[in-house]
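The lines below spell out each chain.
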Amino acid sequence: MTLLSVNGVYKHFSGNKAVDNVSLEIKEGEIVGLIGANGAGKTTLFNCLTGYYRADGGSIIFDGKHIEKLKAHLICRMGIGRTFQIAKPFGDLSVLDNTVVGAYNQFKSKSEAYAEAKRCIDFVGLSEKSDTDASDLNTGEKRRLELARALATGPRLLLLDEVMAGLTPTESVEMVELIRKIRKSGVTILMIEHIMPALMSLSDTVYVLDQGKLICKGTPAEVSENKQVIESYLGKTAEA
Amino acid sequence: MNTKKINNVTLISLAVLATAFLIVADGYILCIGISVLIAALLGQSWNIMSGYAGQFSFGHAVFFGIGAYTSTLLYTMFGVSPWIGMFVGAIAAALVGSAIGFLSFRYKLRDDYFALATLAFAEIFRIIFNNTKVFGGASGILIPYVQNAAEFQFASDKTYFAIILVLVAAATVFIAFMTRSKLGLNLVAIKANQEAAAALGVNVLKYKLIAISASAVFAALAGTFYSQYYGFIDPSIVFASAISVEAIVPCIIGGSGTLYGPLLGALLIIPLQEICNSAFTSISGVNMILYGVLIAAFIIFCPDGIYGRIIKFANKKRGK
């Protein structure tokens, strides 16, 4: 079943076509990867999907409903969670309170919200840091906190914006496992990632963006052999 | 000690201090006590929207003035008791606060620009009231002296002290409950990062408006109290930027976004200001120089404020 369908979405910033007529489809239960060079428009597309920006045109249909005109908090309420490329923890709040903010998206009652927050913190393996102020966490822990918060909102679709960036190799391996676990729990995932091995091993389908345009779609194997992709993106990293 | 313990110790100390003061103090000292509590109430009001929710107001006088004028005009024009006028004023201020917030946030004013907008709104109100004859114009309104408790007038300053003490306590209790609720968490989240808050399902606009309205309510209560206590208001007093400053300073000094910071701040700066003013009788505005220096010093050397610093220090020690 199609969970998210994006049809001809574009977003221009004073003449710069950041997202140019992008269409993609995500089925329930999939992990979909989104790759592309810096400035290809990946994060802009995320921002359009999550109501951060309003798309200049095209439609975004989530679970059969148009969401392209909804504000960010309503899109969250519909069941789309996200993390940010640069983690944005609420520094003055503890890990638990950070996560509770998300849990209130699902639950009205305080006790239920706290129970759900605790469950999510446990799920990402951050229980020991529950009472720590978010500002005192290291990069890896901040990423986990972002995941815990996003999960606490009860998403059906989770948008991950470079959750592996800045992680140590060990932390990356753990993060891959965590993402698998999230999918297993029934959450569909759309992820932007630059760490190719991780992305290739996780994704069912990969989309490639180049200068705002979608240039390729396929399984990880298909995409990594695509000439255009190698030229515009993979080739560069291979040389480097 | 953790934050909770520090809060409890502070609460008990402040309660004892206030009770003892109420019994012992009279005359000039009692007046200063009342000034401290007015500043404390303004401070707690500012604390809600600016300290916790991070929406910096530089125009809290607008809410103070609306509170003062609503109850006073209702009383002098229609004979409505200021006890009732006080709540009408609070509601009026909340509505004006929502309107200011809606307009500002609708046009995506943030941070400094929002602060400037609040300053502008306070000035607009001052000028409107200055030029409206029915509202007493620039010469202000004298509240007829009847010394009747039903009209919010008392013979003894001790009664006034008790009333403003109750109002400060009410504001503090409100904040204490707020910080433990969804509202408080959402406000702090918005202050930290409103995009991240929205991504977690927080209706940022709604919560900002709640913060402004709640803040406006307490500033308006302070305004009504002020008019009843001093018996005279005019636009250049109640809509003055000096009032806006008096809402900010206790928070910056005492610790904005903390439960008791503004109370400690008010307790420190008002007596200091009195001392300065009596020491430099020939120079007016010494208190403003003092405020300026103190704000600059605290922002540079102690941005958490006194109470914020104490809590951070205690928590760090506990962590080790």
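Calculation rules
Residues numbered from 1 in each chain as written. Chains lettered and ligands numbered in written order. Predicted model: local features only at pLDDT ≥ 70, side-chain atom pairs only at ≥ 80, totals over all residues. Helix = DSSP H or I, 4+ residues; strand = E, 2+ residues; numbered from the N terminus. Rg over C-alpha atoms; globule rule 2.2 N^0.38 Å. Buried ≥ 20, exposed ≤ 12 C-beta atoms within 10 Å, placed from the backbone. Contact = placed C-beta atoms within 7 Å. Pairing = 2+ DSSP bridges. Core = buried A, V, L, I, M, F, W, Y, C linked by C-beta atoms within 7 Å. Axes fitted to C-alpha atoms, helices over the stretch in contact; angles between N-to-C directions. Nonpolar A, V, L, I, M, F, W, Y, C, P; charged D, E, K, R; others polar. pLDDT = per-residue confidence, 0-100. Expected span 1.5 Å × (residues − 1). Bend = angle between axes of the 7 residues up to and from the residue. Parallel < 35°, antiparallel > 145°, perpendicular 65-115°, else oblique.

*Asks:* Before we move on, can you summarise the overall build of chain A with the specific residues and values?
*Replies:* Helix and strand content of chain A: nine helices and ten strands. Its C-alpha atoms give chain A a radius of gyration of 18 Å, within 12% of the compact-globule value 18 Å for 240 residues. With respect to the three principal axes, the spread of C-alpha positions in chain A is 50 × 40 × 35 Å. Counting all 240 residues of chain A, 47% fall into the buried class. Considering only contacts within chain A whose residues lie at least 6 apart along the sequence, 66% involve residues at least 24 apart.

*Asks:* Describe the overall build of chain B, naming the residues involved and giving the relevant values.
*Replies:* Scanning chain B for helices and strands turns up 14 helices and two strands. In summary, chain B has a C-alpha radius of gyration of 19 Å against a globular reference of 20 Å for 320 residues, a match within 12%. Expressed as lengths along the three principal axes of its C-alpha atoms, the size of chain B is roughly 60 × 50 × 40 Å. By the burial criterion, 49% of the 320 residues in chain B qualify as buried.

*Asks:* Talk me through the sheet that holds strand β1 (residues 2-13) of chain A; I want residue IDs and the actual numbers.
*Replies:* Residue and element names in this part refer to chain A. Spatial ordering of the open sheet is given by β2-β1-β4-β5, a layout of four strands whose pairing is antiparallel. Both edges of this open sheet fall to β2 (16-27) and β5 (65-66), since each of them pairs with a single strand only. Pairing of strand β4 (residues 57-62) with β5 involves two bridges; the strand directions are antiparallel. Considered in β5, the bridge of phenylalanine 62 is made with lysine 65.

*Asks:* With reference to specific residues and values, describe the nonpolar core.
*Replies:* All names here are of chain B. Within the largest apolar cluster, 174 residues are counted, with the highest numbers of intra-cluster contacts made by Leu41, Ala93 and Ile164. Looking at this core, the element that brings in the most residues is helix α9 (residues 204-230), giving 16 residues. Not counting residues up to four positions away in its chain, the partners in contact with alanine 93 are Phe63, Ile66, Gly67, Ala216, Val217, Ala219 and Ala220.

*Asks:* Go over the sheet that holds strand β8 (residues 188-192) of chain A with me, naming the residues and quoting the values.
*Replies:* All names here are of chain A. In spatial order, the strands read β6-β7-β8-β3-β9-β10; together these six strands make up an open sheet with mixed pairing. Where the open sheet ends on each side, the last strands, each with one partner, are β6 (80-82) and β10 (213-218). Across the sheet, the mean angle separating the axes of adjacent strands is 20° when strand polarity is ignored. Pairing of strand β3 (residues 31-35) with β8, which is carried by four bridges, proceeds in the parallel orientation. Of the residues in β8, the one forming a bridge with leucine 34 is isoleucine 192. The strands that helix α1 (residues 42-49) touches are β3, β6, β7 (157-161), β8 and β9 (205-210); relative to β7, the one it contacts most, it runs at about 150°.

*Asks:* Can you explain the interface of chain B and chain A? Please cite residues and give values.
*Replies:* With 17 residues of chain B in contact, the opposing surface of chain A contributes 21 residues. Only α7 (182-192) and α8 (194-199) of chain B provide two or more residues apiece to the side of chain B that touches chain A. Broken down by element, the side of chain B that touches chain A gets its largest block of residues, six residues, from α7(B). Grouping the amino acids of the side of chain B that touches chain A by side-chain chemistry returns eleven nonpolar, four polar and two charged.

*Asks:* Run through the confidence of the model for chain B, naming residues and quoting values.
*Replies:* Per-residue pLDDT for chain B has a mean of 94; in total, 99% of the residues score no lower than 70. Reported for the predicted complex are a pTM of 0.92 and an ipTM of 0.91.

*Asks:* Mind laying out the pairing of β10(A), listing which residues take part and the relevant values?
*Replies:* Sheet topology note: the β9(A)/β10(A) ladder contains five bridges and is antiparallel. Looking at β10(A), one finds that Tyr207(A) is bridged to Lys217(A).

*Asks:* Go over helix α2 (residues 27-52) of chain B with me, naming the residues and quoting the values.
*Replies:* All names here are of chain B. Here α2 spans 36 Å end to end across 26 residues, near enough to the 38 Å set by a 1.5 Å rise per residue. Its axis deflected by about 40° at tryptophan 46, α2 carries its strongest bend there. Counting buried positions over the 26 residues of α2 gives 19, a clear majority of the element. Following α2 by one or two positions, glycine 54 has its phi on the positive side, about 75°.

*Asks:* Talk me through the environment of Ala219(B); I want residue IDs and the actual numbers.
*Replies:* Position of Ala219(B) among the secondary structure elements: in helix α9. Considered as a pair, Ala219(B) and Thr132(B) are 87 residues apart in the sequence and their alpha carbons are 23 Å apart.

*Asks:* Help me get a handle on unusual backbone geometry, residues and values and all.
*Replies:* A positive phi angle, near 35°, is found at Ser14(A), a position not held by glycine. Looking at the element boundaries, Ser14(A) is found in the loop between β1 and β2. Residue classification places Ser14(A) among the exposed residues on the basis of 4 C-beta atoms within 10 Å. For Gln147(B), which is not a glycine, the phi torsion comes out positive at approximately 45°. The residue Gln147(B) is located in the loop between β1 (141-142) and α6 (157-179) in this model. Looking at Gln147(B), the number of C-beta atoms within 10 Å reads 8, which means it is exposed.

*Asks:* If you had to explain the pairing of β9(A) to someone new, which residues and values would you point to?
*Replies:* Residue and element names in this part refer to chain A. When you tally the buried positions in β9, you get six out of six residues, the bulk of the element. Residue alternation in β9 divides its side chains into two sets, Thr205, Tyr207 and Leu209 and Val206, Val208 and Asp210, and both sets are buried. Here β3 pairs with β9 via four bridges, running parallel. Following the sheet pairing, leucine 34 is matched in β9 by tyrosine 207. Linking two consecutive strands that pair antiparallel, namely β9 and β10, is a turn of two residues; a positive phi of about 45° is found at glutamine 211 within it.

*Asks:* Could you give me a rundown of the packing of helix α11 (residues 241-254) of chain B against helix α12 (residues 261-279) of chain B, with the residues and numbers involved?
*Replies:* All names here are of chain B. Put simply, α11 and α12 touch, their axes get as near as 7 Å, and they point 105° apart. Between α11 and α12, the angle falls in the class roughly perpendicular. Here Val249, Pro250, Cys251, Ile253 and Gly254 of α11 lie close against α12, whose contacting residues are Gly261, Pro262, Leu263, Leu264, Gly265, Ala266, Leu268 and Ile269. Split by residue class, the contact of α11 with α12 holds ten nonpolar, three polar and no charged.

*Asks:* I'd like a rundown of the packing of helix α3 (residues 61-78) of chain B against helix α5 (residues 111-130) of chain B, residues and numbers included.
*Replies:* All names here are of chain B. Contact geometry of α3 with α5 gives a least axis separation of 8 Å together with a crossing angle of 30°. Counting all contacts with α3, which are made through Ala61, Val62, Gly65 and Tyr69, the residues of α5 involved are Phe121, Ala122, Phe125 and Phe129. Considered class by class, the residues forming the contact of α3 with α5 number seven nonpolar, one polar and no charged.

*Asks:* Give me the environment of Gly67(B): which residues, what numbers.
*Replies:* Residue and element names in this part refer to chain B. Relative to the assigned elements, glycine 67 resides in helix α3. Separated by 52 residues in the primary sequence, glycine 67 and alanine 15 have C-alpha atoms spaced 27 Å apart. Among all residues touching glycine 67, those that are not within four sequence positions of it are Gly89, Ala90, Ala93, Ala219, Ala220, Leu221, Ala222, Gly223 and Thr224.

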